[in-house]
Amino acid sequence: MLTVSTQGVNALADSYDALSLKVASYIKNQLKVKPDSCLGLPTGATPVGFYQYLAKWSKNGEIDWSRAKCFALDEYLDVDLEESFEYYLEHNLYQYTNLPDEHKFNPKDSSDYDQIIASFGGLDVTIVGIGRNGHIAFNEPGTDKETRTHFVPLTESTRSANAKFFHDGEPVPKQAVTMGIRTILDSRVIVLIANGESKQEIIKEALSGPIGSHLPASYLQEHPHLFVATDFQFSGAQKFELPT
Ligand code: PGA
């Protein structure tokens, strides 16, 4: 058993595709068991694979999203629509589903995102990636554990990692709004996803090092229902399946 939490397990996969399939299957099952689930959804490169599975199954009518509520984890504040996370989620997932528009939530549209989340009963499952500097959503190093949804200036590390999503010469955003660390920790289940060599060190540090605001993902160690889905081995990891 992993030391990351008392009930958390690690879902190691042999490849990015296998990792994507595991996470997508978990979400599919969640919506079967609880059709009105509230989901916290990430953007970036890592989630693309599991969104592809969810999109495929949704097109085939295998997933009913009509009662689900989806909450983007974060959003840029200074970008054109096509570069926004709102567009990313629409493009990668929502357009293939029967998720009603009024069930798509984005933190830039609300002055009290946490209150909206609470009004639907709270987040059931939140999937988070991890930044090379240990951020979760846009909670950069130094962010207080008790933060709720808030505005943030982005660090140079995050901006340079995100530059790959922008065309040459296009400015990389400097401002964002993000669920806070407490918003994420309040989710009943958290699935932390990471793939590739560039994430190995930070995953190890986040899950076995000291807990603190120097590395926001380290707070996930304290969550009672954390699942860590990676396509690489790391110290303390064993091969467990995500529950379905
Ligand atoms: P990535 O981003 O999936 O594009 O690596 C993860 C993150 O920064 O949260």
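Our subject is the structure that appears above.
All values derive from a computational prediction rather than experimental measurement. (Residues numbered from 1 in each chain as written. Predicted model: local features only at pLDDT ≥ 70, side-chain atom pairs only at ≥ 80, totals over all residues. Heavy atoms only, no water.)

Colleague: Got a minute to help me understand the overall build of the chain in this structure?
Modeller: Along the chain, the regular secondary structure elements total 7 helices and 10 strands. Here the chain has a C-alpha radius of gyration of 17 Å; the compact-globule value for 244 residues is 18 Å, and the two agree. When the backbone C-alpha atoms are referred to their principal axes, the chain occupies close to 40 × 40 × 35 Å. Buried residues in the chain amount to 56% of all 244 residues. With an accessible surface of roughly 10700 Å², the chain has 50% of that area assigned to carbon and sulfur atoms. Counting 21 positive and 32 negative side-chain charges, the chain places the averaged centre of each group 6 Å from the other. (Helix = DSSP H or I, 4+ residues; strand = E, 2+ residues; numbered from the N terminus. Rg over C-alpha atoms; globule rule 2.2 N^0.38 Å. Buried < 20%, exposed > 50% of the residue type's maximum accessible area, 1.4 Å probe, protein only. Areas by Shrake-Rupley, 256 points an atom, 1.4 Å probe, with all protein chains shown as cover. Lys, Arg positive; Asp, Glu negative; His and termini not counted. Charge placed at Lys NZ, Arg CZ, Asp CG, Glu CD.)

Colleague: Teacher, can you tell me more about the site of the ligand here?
Modeller: Close to the ligand lie G44, A45, T46, G129, I130, G131, H135, F165 and K199, which account for all nearby residues. T46 is positioned such that a nitrogen or oxygen atom in its side chain is 2.5 Å from an oxygen atom of the ligand. Between the ligand and K199 there is a distance of 2.6 Å, counted from an oxygen atom to a side-chain nitrogen or oxygen. In isolation the ligand has 280 Å² of accessible area, and contact with the protein removes 83% of it. (Near = heavy atom within 4 Å. Polar contact = N/O pair within 3.5 Å; in protein donor to acceptor, adjacent residues only side chain to side chain.)

Colleague: Can you walk me through unusual backbone geometry in this structure?
Modeller: Trans is the common state for peptide bonds, and a negative phi is the common state for residues other than glycine. The backbone of A137 sits at a positive phi, close to 50°, despite the residue not being glycine. Secondary-structure assignment places A137 in the loop between strand 6 (125–128) and strand 7 (150–153).

In short, geometric facts, not functional conclusions.
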